[in-house]
Amino acid sequence: MRLSVAIALATAIQFVGAHYTFPQFIVNGTTSSEWEYVRITENHWSNGPIQDVTSNAFRCFELDSTSASQTNTATVRAGSTVGFKASNTMGHPGYFSAYMTPASPAANSNSAGTGNTWFKVWEWAPGWSASTGLIFDSMNINEVSFPIPASLPNGQYLIRIEQIALHIASNFGDAQFYIGCAQVNVVGGGNGSPFPTTSFPGAYTGNEPGIKLNIYALPAGYSGYTPPGPPVWHG
Ligand SMILES: *[C@@H]1O[C@H](CO)[C@@H](O)[C@H](O)[C@H]1NC(C)=O
Ligand SMILES: [Cu+2]
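Residues numbered from 1 in each chain as written. Chains lettered and ligands numbered in written order. Predicted model: local features only at pLDDT ≥ 70, side-chain atom pairs only at ≥ 80, totals over all residues. Heavy atoms only, no water.

**Considerations on the pattern of salt bridges**
In the structure shown here, the tally under the stated rule is three salt bridges. Between glutamate 62 and arginine 39 there is a salt bridge, with the nearest N and O atoms lying 2.5 Å from each other. Of this pair, glutamate 62 sits in the loop between β2 (30–31) and β3 (74–77) while arginine 39 sits in the loop between β2 and β3, and the two are 23 residues apart along the sequence. Glutamate 162 is the salt-bridge partner of arginine 160, the closest N and O atoms lying 2.8 Å from each other. Summarising the burial analysis for this pair, arginine 160 and glutamate 162 share the class buried. (Salt bridge = Lys/Arg side-chain N within 4 Å of Asp/Glu carboxyl O. Helix = DSSP H or I, 4+ residues; strand = E, 2+ residues; numbered from the N terminus. Buried < 20%, exposed > 50% of the residue type's maximum accessible area, 1.4 Å probe, protein only.)

**Some thoughts on the site of ligand 1**
Lining the immediate surroundings of ligand 1 are Val27, Asn28, Tyr37, Thr75 and Arg77. Take asparagine 28: an N or O atom from its side chain is 2.3 Å from an oxygen atom of ligand 1. Here a nitrogen atom of ligand 1 sits 2.9 Å away from a polar atom, N or O, in the main chain of threonine 75. Starting from 360 Å² of accessible surface for ligand 1 in isolation, the protein chains cover 55%. In the shell around ligand 1, the residues fall into two nonpolar, two polar and one charged. (Near = heavy atom within 4 Å. Polar contact = N/O pair within 3.5 Å; in protein donor to acceptor, adjacent residues only side chain to side chain. Areas by Shrake-Rupley, 256 points an atom, 1.4 Å probe, with all protein chains shown as cover. Nonpolar A, V, L, I, M, F, W, Y, C, P; charged D, E, K, R; others polar.)

Structure below.
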């Protein structure tokens, strides 16, 4: 009895240590408090991934229907650098991206981002060479950062960070997604037209070569990582 409890506890600790959330938004060079500007996620305690890309939870993974209204909205300047700090070191090899959507009627509303309105603003794909295979430079880091496109029109937006962890991803549904959404009000922007847009859920099927992939035994003729979703809009 004692032994099995000890094993269960050790397993639980390992589980929490291995996974992560993105509770802290970084704006103007300052790392905010946990869940100050990022909607608290369903996995805020377990840190576990979401794996069903067709689930409504795949949009922002909120804890419940009050998560949006209980989260503050950060004012950010277009062209400035923002980021997300993870709850612990991100030990999984994978692909990072960030998407944004205009948020109507406001960033703290549940209906924000429910349409075909999301565009990709940044990505960090693994490198590749024929001799080494995939190269995961983004492994074992604690935070990621990227610019808000300078010509983005002013207004309320969500910023969705995502890592697709690919350590066990050979079969459909096995890739692990770590996601979170920050609520922002963009100022100092321009009159760009973000494109192409997509939706969450909807952006992925789960069968993409960048999602269903055995990174330890790459397909014959492999020539580099193919990111899922639309190309980056740089504004
Ligand atoms: C970031 O800086 C801008 C000025 O460039 C300011 O308007 C905004 O309130 C700041 N945001 C936060 C969250 O401190
Ligand atoms: Cu994991």
